[in-house]
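# Report on the structure
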Amino acid sequence: MEFDFAAEQPKFLMLMYGLIAFVAVVGGLLLLLDVVPAWFARRREAQLVAVSVGGAPLPRRRRPQEGLFALFFLLPTLLLLAVGLVGPAIRTTLLSFMDAGSDNWVGLRNYGWMFTEDSIVRVLINTLIWVILVPLVATSFGLLYAVLVDKARGEAVAKSLIFLPMAISFVGASIIWKFVYAYRGEDQEQIGLLNQIVVSLGGEPRFFLQESPLNTLLLIVIMVWIQAGFAMVVLSAAIKAIPADIVEAARLDGVSPWQMFWQITMPTIRPALIVVVVTLSIATLKVFDIVRTATNGNYDTSVIANEMYNQAFRYGQNGQGSALAVFLFILVVPIVIYQIRNLRQQREG
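This structure is a prediction, so every number in the text was calculated from the model and none was measured.

### Overview of the packing of aromatic side chains
Here the structure, examined in full by the defined rule, presents ten aromatic pairs. Ring plane angle 45 degrees and centroid distance 5.6 Å describe the contact between W177 and Y181, whose orientation is recorded as tilted. Accessibility classification places W177 together with Y181 in one group, the buried group. The interplanar angle of 70 degrees and the centroid separation of 5.8 Å between the aromatic rings of W258 and W262 together place this pair among those described as edge-to-face. Highlighted residues: W258 and W262, both in helix α10 (residues 257-268), separated by four residues, approximately one helical turn. When its relative accessible area of 60% is taken as the criterion, W258 is described as exposed. For W262, a relative accessible area of 46% puts it in the partly exposed group.

### With respect to the nonpolar core
Core analysis: the largest hydrophobic core is formed by 43 residues, its most contacted members being W130, L143, Y181, L219, I222, I269 and I290. Contributions of two or more residues to this core are made by α4 (118-149), α6 (170-180), α8 (214-240), α9 (244-252), α10, α11 (270-285) and α12 (289-294). At 14 residues, the largest contribution of residues to this core is made by α8. Excluding residues within four positions of it along the chain, L143 makes contact with L235, I239, F261, M266, I269 and L273. I282, I304, L324 and V332 belong to the second largest nonpolar core, which has 18 residues in total.

### Observations regarding the side chain of N342
The residue N342 is located in helix α14 (residues 318-348) in this model. Exposure remark for N342: the relative accessible area of 6% places this residue in the buried category. Once residues within four sequence positions are removed from consideration, N342 is found in contact with R270 and I274.

### A few points about the side chain of N310
With respect to the secondary-structure elements, N310 resides in helix α13 (residues 304-314). Filtering out sequence-adjacent residues up to four positions away, N310 remains in contact with R292 and Y315.

### Concerning the layout of surface pockets
Here the largest pocket is characterised by a volume of approximately 530 Å³. Taken together, 18 residues line the largest pocket, and the ones lying closest to its centre are D150, V247, R251, M260 and T265. Of all the secondary structure elements, the ones that give two or more residues to the lining of the largest pocket are α8, α9 and α10. With five residues, the top contributor of residues to the lining of the largest pocket is α10. Classifying every residue of the lining of the largest pocket gives eleven nonpolar, two polar and five charged.

### Looking at helix α5 (residues 155-163)
Taken together, the buried positions of α5 are E155, A158, K159 and I162. Along the axis of α5, the buried residues cluster in a sector spanning 95 degrees; they form a single face. In this structure, α5 carries A156, V157 and L161 as exposed residues pointing more than 90 degrees from its buried face. The secondary structure elements touched by the buried residues of α5 are α4 and α8.

### Details of the environment of A100
Structurally, A100 is set in the loop between α2 (63-95) and α3 (109-116). Exposure remark for A100: the relative accessible area of 26% places this residue in the partly exposed category. Residues A100 and E155, spaced 55 residues apart in sequence, show a C-alpha to C-alpha distance of 55 Å. Ignoring sequence-local partners within four residues, the contact set of A100 consists of G316, Q317, N318 and G319.

### Structural notes on the packing of α8 against α11
Interhelical geometry of α8 versus α11 gives an angle of 160 degrees and a closest axis separation of 9 Å. The orientation of α8 with respect to α11, classified from their angle, is roughly antiparallel. Viewed along their axes, α8 and α11 form a crossing whose handedness is right-handed. Contacts between α8 and α11 involve M223, Q227, F230, A231, V234, L235 and A238 on the former and, on the latter, A272, L273, V276, T279, L280, A283 and T284. When the residues that make up the contact of α8 with α11 are grouped by side-chain class, the tally is eleven nonpolar, three polar and no charged.

### A closer look at a nonpolar patch on the surface
Where nonpolar side chains cluster on the molecular surface, the patch consists of L68, L71, L74, L78, L81, L85, V86, I90, L94 and W105 and spans about 1000 Å² of accessible area. Inspection of the secondary structure assignment puts V86 in helix α2. Judged by relative accessible area, V86 falls into the partly exposed class, the value being 43%.

Cut-offs and rules
Residues numbered from 1 in each chain as written. Predicted model: local features only at pLDDT ≥ 70, side-chain atom pairs only at ≥ 80, totals over all residues. Heavy atoms only, no water. Phe/Tyr/Trp six-rings, centres within 6.5 Å; stacked < 30°, edge-to-face > 60°. Buried < 20%, exposed > 50% of the residue type's maximum accessible area, 1.4 Å probe, protein only. Helix = DSSP H or I, 4+ residues; strand = E, 2+ residues; numbered from the N terminus. Core = buried A, V, L, I, M, F, W, Y, C linked by side-chain atoms within 4.5 Å. Contact = heavy atoms within 4.5 Å. 1 Å grid on protein atoms, 1.4 Å probe; cavity = no way out; pocket = protein on both sides within 12 Å on 5 of 7 lines; lining within 4 Å. Points joined across faces, edges and corners; volume = space filled by probe spheres on them. Nonpolar A, V, L, I, M, F, W, Y, C, P; charged D, E, K, R; others polar. Arc of directions from axis to C-beta. Axes fitted to C-alpha atoms, helices over the stretch in contact; angles between N-to-C directions. Parallel < 35°, antiparallel > 145°, perpendicular 65-115°, else oblique. Left-handed = near helix turned anticlockwise from the far one by under 90°. Patch = residues over 30% accessible without salt bridge, like charges linked within 9 Å, V, L, I, M, F, W, Y side chains within 5 Å. Areas by Shrake-Rupley, 256 points an atom, 1.4 Å probe, with all protein chains shown as cover. Salt bridge = Lys/Arg side-chain N within 4 Å of Asp/Glu carboxyl O.

Laid out in structure tokens, this is it:
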């Protein structure tokens, strides 16, 4: 089949316009970030030369100019936030109070549907299970691993092995674990590692991803496998930052390893623990790729982000999908506020 350039010309033109717009915007920003600071630097240098030659006092910088200068650099970020975050958030909130076609106001009906529809209640329960287990288990494994391999022989290699899953996308990790959970029927040879182990032990193979609530726990394993490396890296850095004199003093006092862990290590790395738990909680609330790739949300495995996509883009229920998005945003906000307050207290302390 020959390629018809004339028929595809509009697509090439659209691609070319997109590339030109990208070059213009990014190039313009880079040019401004290069020209404006250089202009201020040259102006300040001229003032210093004039002072050194004439002996006049150096003019003090006026705060309004510094404020305008800071605003200049913040303006692109503020515009991007307004266009990409604030605007869509307001629009989504408005759509959550409208019907499926976004034509008529329905008030809180979509939110009432969310808490009365059995399938959506199941989605909320699944999300709660994810948020409870993933941060707890991933942080525990990361902390345990960081403590065990700290200052051990081959520490770098050991840490690299557990951190490797972080380099894999959620979709790639889900495909890998789908092969682990794979099921090919009782009369066929099993290619899934988990079913092969079950068969080797004398059991019957099972379609694990179709059995609720076991399938939700198996999907959580994928998330823990990926995020344990992140927890390990952050907590290992915090453990290494513990002052050596504190550790030596505790050992001279005859503190046991268990007491060292609970009385020295845990209180010292508490800020890092909070950061890890908060980060994992937010990431878990937004989990979508794993559920979408592994089960497509079937067999009672769906979570809020996946159901939001289904309602808005598969079923055409804009109001219900928007209501789920707003509810997800409401769940994330308290965690973010807590993290901000915690960082502020650390800075003041």
